[in-house]
Amino acid sequence: MRQVVLAIAVNVFKESVRDKVLYNLVFFAVLLTAASYLIGQLTAGQDIKIIKDLGLAATSIFGLFIAVFIGIGLVSKEVEKRSIYSLLAKPIRRGDFIIGKYLGLVLTLLVNVTVMTIALYAVLGYIALMAGGWMLPGWERPAVDPVLLTAIALIFLQLMIITAIALFFSTFSTPVLSAALTCGLYVVGHFNADLKNFENVIDSRPAIYTARTLYYLLPNLAPLDVKDQVVHGVPVSWEYVLLNAGYAVLYITALMMAAVLIFSRRDFK
Amino acid sequence: MLAIRTDHLTKDFAVGIWRKRPYRALDDLSLDVSVGEVFGFLGPNGAGKTTTLKLLMQLIFPTAGRAEILARPVGDLAMKRRIGYLPESPSFYDYLTAEELLRYFAGLFGYKGQERDARVARLLDEVGIGKERRLQLRRFSKGMLQRVGIAQALINDPEVVFLDEPLSGLDPLGRRDARNLILRLRDQGATVFFSSHVLSDAETLCSRVAILAAGRLVACGRIADIHAFQVHGWELVVSSLSPSLLESLKQRLGKITPISDARYALELPLEAAPERLLDELIRNGAKLVSLTPMRQTLEDFFVERVARETHPRVVDL
């Protein structure tokens, strides 16, 4: 990796940490601890499953907030504050700037997701310890289940795609519009599969072609959500994970190329 | 050798919300700046100075024309390693300290370890914020940010330095320091290209200036030439004038201005010989305080030309 890209990425990470982005981890820890206590009081035998569900959902939502709300400001904040003027006068390509910004936020997300994963496992371990065993009768999977990592890895891939979308929009749009469009694509991305099967519902050829085009253009995020399978012990194969990782890498690459192309021609008035 | 060359550089911006129409911010700017010059780029607000600097830094792209720095096209990465740039009213990353910012920028030039740290420490001391090096930039005043901006522009010992309003936001001490820094850069052989609307700065520092108005170059040349061109008379300041002599002078001379303590300023046209009047005054008991050729200051030149040029054009000096 080019040294300048790394330097820009580290700077994004440093700014995010100093900007108190990682404070969300405190909320996450409090949420999980409080939830596990309450659920332990209210449910019998189902508490492990609910904590896993809650932990994975919270990891996804907290990550989404960071990806969207930091992602949309990565470029626009620099332009608005004019800090980009000094930076782009240095020997860096505009593409380096975009890639560095992206990797910096991905690094921030990685730290976030890692810490949240450790917290989730700690809470699950504590519950198992209190219950008197790692795998009790009535539990479909052990409390500290390594399979959770599969779901977390796919959540991370999803967050990487969302970050790329937010960054892409922020290269040419306002922060508010970028946030709206990114959140919109996040929602659409979970129902994208319906577009593929549009021909089963409608006869119009143009509508079918439009739906098919949109299916390939819009992000397909639903396959990256395997929370339910993992919590209920339904196996997720490595082939499935690798296939989706390949999709994520391709989609992110395409978005980054488009972002670099747009950004490279942009005037900073 | 030329440090900077612009060739018919032109920039249009699209303005308007619904019906976009082009607005010409810079019109056909052709300019040469030699290596080692301190070149002043002057003009009122909105004249096109910052637009030119942004074009040179490739922060915006020209509508027409081209520009070169150190004989390389703008945007060339190898050339960018040899230049420095201070934007107007610079702003950086709130949560970084001054030291971290400079280390970050030094890293972009490939400086590492002790060499980088020594360079950063030296520059922060040079611009007078050595003591605040570990303070986050969000706590910096405008003047302190300007000093950080100057430091980051010099992080790579640039051969050509572009400074957009370098003295704005600085207190008198800061202005003096910045002026000294520019002169030191000149002495070290660097080319300094700076924009300003504070004309006394240009008078103090520049070997040549260019004046822009409404996006067009209206004058370009050595300051000495501008002064020589604009000398238009003499000013004598005298004291101890008798009432009869004062009355006689009032009848003969166009303008006599009382100053203070019985001192008067007498203005003579360029063609008048001040020696003869001076003889007469001394013979009649007056005392000479000063005799000064009246030159049009750069400021006067600036105001007059900019106001007069409804259709700005290049003026030969």
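Residues numbered from 1 in each chain as written. Chains lettered and ligands numbered in written order. Predicted model: local features only at pLDDT ≥ 70, side-chain atom pairs only at ≥ 80, totals over all residues.

Trainee: Looking at this model, I keep getting lost on the overall build of chain B. Mind explaining?
Mentor: Of regular secondary structure, chain B possesses 11 helices and 14 strands. Across its three principal axes, chain B shows a C-alpha extent of roughly 80 × 50 × 40 Å. Counting all 317 residues of chain B, 39% fall into the buried class. The contacts of chain B with a sequence gap of at least 6 include a subset with a gap of at least 24, amounting to 72%. (Helix = DSSP H or I, 4+ residues; strand = E, 2+ residues; numbered from the N terminus. Buried ≥ 20, exposed ≤ 12 C-beta atoms within 10 Å, placed from the backbone. Contact = placed C-beta atoms within 7 Å.)

Trainee: What exactly am I supposed to notice about helix α10 (residues 274-283) of chain B here?
Mentor: Turn by turn, an α-helix covers 3.6 residues, leaving residues three or four places apart pointing in a common direction. Counting buried positions over the 10 residues of α10(B) gives 0, only a small fraction of the element. Where α10(B) ends, the next residue or the one after it, B:G285, has phi of about 90 degrees, a positive value.

Trainee: Would you explain the sheet that holds strand β11 (residues 233-239) of chain B in this entry?
Mentor: What links the strands of a sheet is backbone hydrogen bonding, and the strands pair in either a parallel or an antiparallel sense. Residue and element names in this part refer to chain B. Judged by pairing direction, the sheet is antiparallel, and its 4 strands sit side by side in the order β12-β13-β11-β14 without closing on themselves. Each edge of the open sheet carries a strand with a single partner, namely β12 (255-258) and β14 (287-294). Strand-to-strand twist across the sheet, computed as the mean angle between neighbouring axes with direction ignored, equals 20 degrees. Two elements, β11 and strand β13 (residues 264-269), share 6 bridges in a ladder whose sense is antiparallel. Residue W234 lies in a different strand from β13, and its bridge partner there is L268. Strands in contact with α10 are β11, β13 and β14; relative to β11, the strand with the most contacts, it is inclined by about 10 degrees. (Pairing = 2+ DSSP bridges. Axes fitted to C-alpha atoms, helices over the stretch in contact; angles between N-to-C directions.)

Trainee: Looking at this structure, I do not really get the interface of chain A and chain B. What am I missing?
Mentor: One frequent convention defines the size of an interface as the accessible area lost when the parts assemble. Counting residues at the interface gives 21 residues for chain A, matched by 24 residues for chain B. Sorting the residues of the side of chain A that touches chain B by element identifies α1 (3-18) and α5 (83-88) of chain A as the ones contributing at least two each. The element best represented in the side of chain A that touches chain B is α1(A), accounting for 7 residues. Taken together, the residues of the side of chain A that touches chain B break down into 8 nonpolar, 4 polar and 9 charged. (Nonpolar A, V, L, I, M, F, W, Y, C, P; charged D, E, K, R; others polar.)

Trainee: What am I meant to see in the packing of helix α3 (residues 47-71) of chain A against helix α6 (residues 94-131) of chain A here?
Mentor: A pair of packed helices can be characterised by two numbers: the angle between their axes and the separation between those axes. All names here are of chain A. Close contact between α3 and α6 brings their axes to 10 Å; oriented N to C, the two are set at 165 degrees. One finds that α3 runs roughly antiparallel with respect to α6. Between α3 and α6 the crossing geometry is right-handed. Side by side, α3 and α6 meet where D47, I48, I51, K52, G55, T59, F62, G63, I66, A67, I70 and G71 of the first sit next to L105, T108, L109, N112, V113, M116, L120, V123, L124 and I127 of the second. The class makeup of the residues in the contact of α3 with α6 is 14 nonpolar, 6 polar and 2 charged. (Parallel < 35°, antiparallel > 145°, perpendicular 65-115°, else oblique. Left-handed = near helix turned anticlockwise from the far one by under 90°.)

Trainee: I would appreciate a short explanation of the nonpolar core in the present structure.
Mentor: Note on soluble globular proteins: their nonpolar side chains tend to be buried together. By size, the foremost hydrophobic cluster in this structure holds 146 residues, and its most contacted members are A:I161, B:L101, B:L102, B:F162 and B:V192. At 17 residues, helix α7 (residues 148-170) of chain A tops the list of elements feeding residues into this core. The residues touching A:I161, leaving out its near neighbours within four places in the chain, are A:P219, A:L221, A:A248, A:Y251 and A:I252. With 5 residues, the next largest nonpolar core counts B:L236, B:V238, B:L266 and B:A286 among its residues. (Core = buried A, V, L, I, M, F, W, Y, C linked by C-beta atoms within 7 Å.)

Trainee: Would you take a moment to explain the sheet that holds strand β6 (residues 83-86) of chain B for this structure?
Mentor: All names here are of chain B. Within the open sheet, the 6 strands sit side by side as β6-β7-β8-β3-β9-β10. Their pairing is mixed. Edge positions in the sheet fall to β6 and β10 (216-222), since each of these pairs with one other strand and no more. On average, adjacent strands in this sheet sit at an angle of 15 degrees to one another, irrespective of strand direction. Bridging between strand β3 (residues 38-42) and strand β8 (residues 191-196) involves 5 bridges; their strand directions are parallel. Across the sheet, residue F39 finds its bridge partner in β8, namely F193. The sheet contacts of helix α1 (residues 49-56) involve β3, β7 (160-164), β8 and β9 (208-213), and relative to β7 the element is tilted by about 145 degrees. Taken strand by strand, helix α6 (residues 172-187) contacts β3, β7 and β8, and its axis lies near 150 degrees from that of β8.

In short, the description is geometric, and any link to function would need to be established separately.
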